[in-house]
Amino acid sequence: MRVPFLDLTAQYRALQSEIRGALDRVLERGRFILGPEVEAFEAEFAAYLGVPYAVGVASGTDGLTLALQALGIGPGDEVITVSHTAVATVTGIERAGARPVLVDIDPATWTIDPEAVRVAITDRTRAVVVVHLYGNPADLDTIQAICQSHGLYLVEDACQAHGARYRHRRVGTIGHVGVFSFYPTKNLGGYGDGGMVVTADPTVAERLRRLREYGWRQRFVSEEVGTNSRLDEIQAACLRVKLPHLDEWNERRRSLASLYREALRDTPVRFQGVLPEAEPVYHLFVIQAPDRDGLQAFLTEHGIGTMVHYPQAVHQQPAYRRLGGSALPVTERIVREVLSLPLYPELSETAVEYVADRVRAFYRK
């Protein structure tokens, strides 16, 4: 049996006629940048999340940069975040001109450690970027309280967490701003790059709209220095087709994750902890595995695709060692042991059972 890590064509086949209809609609209209499809998708995504404003941008990375800029964060400011994340989180902070301050993660949830945040705050700190890693909500109660007591902005990197909830609220709507990516592999993914920034603050939303298009409020008149970061009409049209299916897909991911957990509970692997207040969406199903590299090689031999998210923490990568700071022992241990198993809505229970069987076989050797 062969089990790919991910099969994006399966989702396309299920929605093929609707996707082609959406593409035809855009092509026949002849409007490709910031048109009616983007406006409609912004409204629909905002309504789905339960937030007043959503601003489409070119990528999740751009979204993080523009979110910070819209909050007035830039050179001379520090932004606290984790090192166990996609490097895009740190890229977004640096592109805003701020300095990333990398802190350790909680050993159970693998998301940002609130106590590490508290210790890292200085008089230059302006914001905390919380990453809902693998679709698992971080401890927003504690982080929000810390931010409020120190006058800091809370930015949610929800690029892997479309539809996840914390205390029954969708993540991305709890901080000052939330950022989403529509990269093709995401729970809500397009057919290219795309992103969204959401907020309840009308002033921030208005500034985001200016910043994403050259600082324009009026066409060809730049009121401030902006950039070119616009969500394409084609991507928005396709995402509009997919959005009504998101909750169903997320429920399927939770069901398959539960099957994995049950099938692997008597093995040495450990799972990402979930807070009682949280409802994850399992963008990835990641295990903490003894002899991770040996297990990955064994699964490959048996036709099972896996990946490591992420093989190096940000502070360990050549381009970011310059950030310095103290060692991050939990992060450094986790990156040596994490392994992502196949998980997507179209995956069969039989495939999950086969993967779990092979994991059990490896540890019985």
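Provided above is the structure to which this section pertains.
As the structure is a prediction and not an experimental result, all values here were calculated from the model.

Here is what the cut-offs are and how they apply
- Residues numbered from 1 in each chain as written.
- Predicted model: local features only at pLDDT ≥ 70, side-chain atom pairs only at ≥ 80, totals over all residues.
- Heavy atoms only, no water.
- Helix = DSSP H or I, 4+ residues; strand = E, 2+ residues; numbered from the N terminus.
- Rg over C-alpha atoms; globule rule 2.2 N^0.38 Å.
- Buried < 20%, exposed > 50% of the residue type's maximum accessible area, 1.4 Å probe, protein only.
- Contact = heavy atoms within 4.5 Å.
- Areas by Shrake-Rupley, 256 points an atom, 1.4 Å probe, with all protein chains shown as cover.
- Lys, Arg positive; Asp, Glu negative; His and termini not counted.
- Charge placed at Lys NZ, Arg CZ, Asp CG, Glu CD.
- Axes fitted to C-alpha atoms, helices over the stretch in contact; angles between N-to-C directions.
- Parallel < 35°, antiparallel > 145°, perpendicular 65-115°, else oblique.
- Left-handed = near helix turned anticlockwise from the far one by under 90°.
- Nonpolar A, V, L, I, M, F, W, Y, C, P; charged D, E, K, R; others polar.
- Right-handed = clockwise from strand over helix to strand, strands pointing away.
- Salt bridge = Lys/Arg side-chain N within 4 Å of Asp/Glu carboxyl O.
- Disulfide = S-S within 2.5 Å.

Enquirer: Help me understand the overall build of the protein in this model?
Expert: Each helix and strand counted, the protein has twelve helices and 15 strands in total. By the compact-globule yardstick of 21 Å for 365 residues, the protein fits well, its C-alpha radius of gyration being 20 Å. Each principal axis of the C-alpha distribution contributes one length, and for the protein these read about 70 × 55 × 35 Å. Sorting the 365 residues of the protein into buried and exposed places 57% on the buried side. Partitioning the contacts of the protein with sequence separation of at least 6, the portion at a separation of at least 24 is 71%. Approximately 14,900 Å² of the protein is accessible, and the part contributed by carbon and sulfur atoms is 50%. Averaging the locations of the 40 positively and 45 negatively charged side chains of the protein gives two centres separated by 2 Å.

Enquirer: Any chance you could explain the packing of helix H3 (residues 60-70) against helix H4 (residues 87-95) here in plain terms?
Expert: Helix-helix packing is characterised by the crossing angle of the two axes and by the distance between the axes. Where H3 contacts H4, the two axes come as close as 8 Å, and the packing angle between them is 40°. If you check the angle between H3 and H4, you find them oblique. Considering the relative orientation of H3 and H4, their crossing is right-handed. Seen from H3, the contacting residues are Thr61, Asp62, Leu64, Thr65, Leu68 and Gln69; seen from H4, they are Ala88, Thr89, Thr91, Gly92, Ile93 and Arg95. Taken together, the residues of the contact of H3 with H4 sort by class into four nonpolar, six polar and two charged.

Enquirer: Sorry, what's going on with the pairing of strand E3 (residues 99-103) here?
Expert: Successive residues of a regular strand alternate their side chains across the two faces of the sheet. Among the five residues in E3, four count as buried, and that is most of the element. In the classification by handedness, the crossover that spans strand E2 (residues 78-82), the intervening H4 and the parallel E3 is right-handed.

Enquirer: Help me understand the packing of helix H2 (residues 36-49) against helix H8 (residues 233-242) in this model?
Expert: Packing of H2 against H8 brings their axes to within 8 Å, and their N-to-C directions diverge by 40°. Overall, the two elements H2 and H8 adopt an arrangement that is oblique. Handedness of the H2/H8 crossing: left-handed. Of the residues in H8, those in contact with Pro36, Glu37, Val38, Ala40, Phe41 and Glu44 of H2 are Glu233, Ala236, Ala237, Leu239 and Arg240. Taken together, the residues of the contact of H2 with H8 sort by class into seven nonpolar, no polar and four charged.

Enquirer: Help me out: how do you make sense of the pattern of salt bridges in this one?
Expert: Side chains that differ in sign of charge can pair as their charged atoms come close. Using the criterion set out here, one finds 30 salt bridges in the structure. Here Glu42 and Arg209 are joined by a salt bridge, their closest N and O atoms 3.3 Å apart. Placement of Glu42 in helix H2 and of Arg209 in helix H7 (residues 202-211) is noted, with a sequence separation of 167 residues between them. Take Arg209: its relative accessible area is 28%, and that puts it in the partly exposed class. For Asp357, the salt bridge goes to Arg358, with nearest N and O atoms at 2.8 Å. Several salt bridges converge on common partners, so that one network encompasses Glu206, Arg207, Arg210, Arg217, Glu223 and Glu224.

Enquirer: Mind showing me how you'd approach H8 here?
Expert: An α-helical segment advances 3.6 residues per turn. Residues three or four places apart therefore align on the same side. Buried residues dominate H8, accounting for eight of its ten residues. When H8 is considered as a whole, its buried residues turn out to be Glu233, Gln235, Ala236, Ala237, Cys238, Leu239, Val241 and Lys242.

Enquirer: Hey, could you run me through the state of the cysteines in this one?
Expert: For the structure on display, the rule yields zero disulfides. Unpaired in this structure, Cys147 has its nearest cysteine sulfur neighbour in Cys159, at a distance of 18 Å. The buried category is assigned to Cys147, whose relative accessible area is 2%. Looking at the unpaired Cys238, the closest cysteine sulfur is the one in Cys159, lying at 19 Å.

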